[in-house]
Amino acid sequence: MLKVSENNNIAQDFDLFIANFKDRLSDLFNKEYDYNALSLTRGLPPDFLSEIMDMRPLSVAIPTHHGGRGLHVKECLGVLAAASYESLSLSLIFGINIALFLEPFAKYGNTLLQERIFHQFLENKAMGGLMITEPAYGSDALNMRTCYSQKEDKYHIQGEKHWQGLTGAADFWLVTARKKNEHGELVRDIDFFVTDNSIEEQKIEVLKKYNSLGLYAIPYGLNHIDIEVPVDYRLTPESTGIKLMLDTLHRSRLQFPGMGMGFIKRMLDESMKHCTERRVAGIPLNEMDSVKFQLSRLQAAFTLCSAMCSYSASVSSINNDLSSHAVDANSVKALVTDLMHESAQICVQLSGANGYKLDHIAGRGLVDSRPFQIFEGSNEMLYTQVAEAIAKLMRKSKENNLLAYLKKYNATELAAPFFSSILNFDFPLQPKQREMVTLGKIIARVVCFQFVLQINNAGFNDGMTEIARQHISMDLYMLVGQLSNNNNAEPLMNYGEKTDWMSFTS
Ligand SMILES: Cc1cc2nc3c(=O)[nH]c(=O)nc-3n(C[C@H](O)[C@H](O)[C@H](O)COP(=O)(O)OP(=O)(O)OC[C@H]3O[C@@H](n4cnc5c(N)ncnc54)[C@H](O)[C@@H]3O)c2cc1C
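Residues numbered from 1 in each chain as written. Predicted model: local features only at pLDDT ≥ 70, side-chain atom pairs only at ≥ 80, totals over all residues. Heavy atoms only, no water.

Peer 1: Which parts of the structure should I look at to understand unusual backbone geometry?
Peer 2: Backbone geometry follows two general trends: most residues other than glycine have a negative phi, and most peptide bonds adopt the trans configuration. Positive phi is not limited to glycine here, since Leu 71 has a value of about 55 degrees. Structurally, the position occupied by Leu 71 is in the loop between α3 (46-53) and α4 (73-86). With a phi angle near 55 degrees, Lys 398 is a residue other than glycine that sits in the positive phi range. Within the secondary structure layout, Lys 398 lies in the loop between α11 (379-396) and α12 (402-408). (Helix = DSSP H or I, 4+ residues; strand = E, 2+ residues; numbered from the N terminus.)

So this is what it looks like as structure tokens:
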């Protein structure tokens with residue numbers, strides 16, 4: 001076994017580890033470096049990143065027998081939350097490494113390879129990422145064209161991937177590809193391969209860097225893959241590769257609240273502070289009713305995200321198979337990312353014109369949180385999948401009424417009775433896709449409110465729980481209203497005809 005250096009923080013108690021980590025991050029972001037300059041330049045300065053990695057944040061996602069802290073979800077989410085309080089980009093860098101590389105590699109990777117690669121992460125500040133998306137296959141990832149064939153004891157992998165977080169910066173990648181059969185056709189299943197950029201025949205070429213709108217610290221771009229890896233670099237699925245992919249993506253989606261937690265808390269803290277200090281027409285903003293409404297909405301987001309973290313810590317360990325967790329994982333990812341972006345919108349609005357500065361924490365947060373609603377499954381797609389899963393279960397149990405079903409469904413049985421009058425309607429017989437998105441939003445909110453009830457039972461603040469209940473109730477009313485409106489509008493493809501207002505105005 002390779003040894004990690006003597007003077008490390010791996011053996012530290014987690015409370016101490018995370019307290020030191022938070023303090024050091026706060027000093028680095030707010031005292032030693034200029035946050036404004038950092039947030040506006042692409043990439044993090046190497047010495048700055050190096051100081052952060054000196055604290056070995058990724059040790060939380062490395063098994064103890066390889067020298068790490070042992071992949072406890074609570075610790076992983078703690079590190080993500082501490083980072084996202086200072087910088088959403090930094091948290092996403094950790095999120096990519098933890099959920100998209102280290103966890104699947106720890107669960108499905110070859111043991112000898114693990115020893116070498118985990119050592120690189122612990123001792124040499126290595127980074128890893130995941131390549132799924134291709135220019136022509138994003139939401140439709142299962143139809144990806146990147147393919148592989150076996151040549152003696154190696155796999156030859158060829159294709160193009162784009163928008164990978166840490167493009168050109170990660171040392172290791174998990175690359176997804178489909179096997180080419182003897183007739184030259186691509187099989188349906190998907191396999192995952194570890195690649196090591198320091199080995200010439202495994203090096204992935206960056207064809208282009210993208211000018212991403214936000215998340216400046218993270219490089220994105222277009223990658224050309226024409227590499228060879230030894231056979232033991234393929235991850236070993238328990239059954240199919242698609243199940244491995246679902247297990248990995250559901251785990252990652254369930255761990256999004258770690259990134260959401262610090263970010264939403266920061267939007268809340270900044271808004272509370274600003275609204276206490278800023279006076280308009282002689283009164284502090286926080287005494288105005290509509291401002292109170294917005295602050296309470298941020299607190300509802302904070303409470304929901306806290307409850308999601310607690311739930312995730314209890315289920316998303318690599319020891320559990322999450323391939324069938326579509327309802328909870330997709331509900332959590334879609335709702336928490338909607339809450340993150342809404343929290344940034346509220347913070348910008350309450351900050352007034354200052355919020356519109358490129359280097360204002362909320363202005364940056366607005367742009368940085370936006371792609372979370374697109375990547376790892378666009379939210380519309382995930383809400384649709386939540387509604388489809390419940391519709392299927394309802395058909396199976398021959399129940400048409402949503403309330404009746406949610407009252408007996410395990411993931412919603414505690415929460416559904418809180419919204420009885422709102423949810424008491426029949427699931428549409430042949431819903432349109434837009435209705436499925438709305439239904440998914442409704443179900444996701446009930447699922448996640450159940451997490452709030454669970455954390456409240458464990459002692460979480462009653463006042464904050466009540467605020468979350470009121471906002472979920474309001475959202476459900478709005479969504480059910482949207483559903484009952486039967487909106488059927490179809491865009492006119494030739495909308496230019498007879499639509500120039502000048503022709504109708506003298
Ligand atoms: C900042 C950022 C980071 C990323 N990081 C990574 C990474 O690390 N690794 C990686 O492999 N990829 C990554 N991606 C890629 C990301 O996962 C894809 O962009 C995403 O899956 C969407 O694919 P697409 O861009 O091809 O959009 P498309 O598939 O073309 O979809 C476009 C839009 O169409 C709508 N849509 C599509 N399908 C449906 C549906 N079924 N129902 C309803 N609406 C639908 C949605 O509004 C969707 O946003 C990242 C992207 C961004 C922006």
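Peer 1: I'm lost on the domain arrangement of the chain in this one. Help?
Peer 2: For interface size, the figure often reported is the accessible area lost on association. Partitioning the chain into domains gives domain 1 (4-126), domain 2 (131-238) and domain 3 (245-485). Here the C-alpha centroids of domain 1 and domain 2 sit 24 Å apart. The partner domain 2 presents 23 residues to the 26 residues of domain 1 that form the contact. It is Arg 42, Phe 101 and Tyr 108 in domain 1 that bury the most area against domain 2; as a group they hold 30% of the surface buried on that side. The interface formed by domain 1 and domain 2 contains one salt bridge. A salt bridge links Asp 196 to Arg 116; its shortest N-O distance comes to 3.2 Å. Mapped by element, the contributors of at least two residues to the side of domain 1 that touches domain 2 are α2 (35-40), α5 (88-108) and α6 (111-124). Here the element with the most residues in the side of domain 1 that touches domain 2 is α5; it accounts for eleven residues. Class assignment of the residues belonging to the side of domain 1 that touches domain 2 gives a composition of 14 nonpolar, eight polar and four charged. (Domains from an automatic or database assignment. Contact = heavy atoms within 4.5 Å. Buried area = accessible area lost by both parts, 1.4 Å probe. Salt bridge = Lys/Arg side-chain N within 4 Å of Asp/Glu carboxyl O. Nonpolar A, V, L, I, M, F, W, Y, C, P; charged D, E, K, R; others polar.)

Peer 1: Which parts of the structure should I look at to understand the site of the ligand?
Peer 2: Ile 132, Thr 133, Ser 139, Trp 163 and Glu 380 are the nearest of the 19 residues found near the ligand. Measuring from a nitrogen atom of the ligand, one finds a backbone N or O atom of Trp 163 at 3.0 Å. Contact distances for the ligand include 2.4 Å between an oxygen atom and a side-chain N or O atom of Glu 380. Within the complex, 68% of the 980 Å² of free accessible area of the ligand lies under protein. Looking at the shell around the ligand, the elements that each hand over two or more residues are β1 (128-131) and α11. Partitioned by chemical class, the residues of the shell around the ligand number ten nonpolar, seven polar and two charged. Taken domain by domain, the makeup of the shell around the ligand includes at least three residues from each of domain 2 (131-238) and domain 3 (245-485). (Near = heavy atom within 4 Å. Polar contact = N/O pair within 3.5 Å; in protein donor to acceptor, adjacent residues only side chain to side chain. Areas by Shrake-Rupley, 256 points an atom, 1.4 Å probe, with all protein chains shown as cover.)

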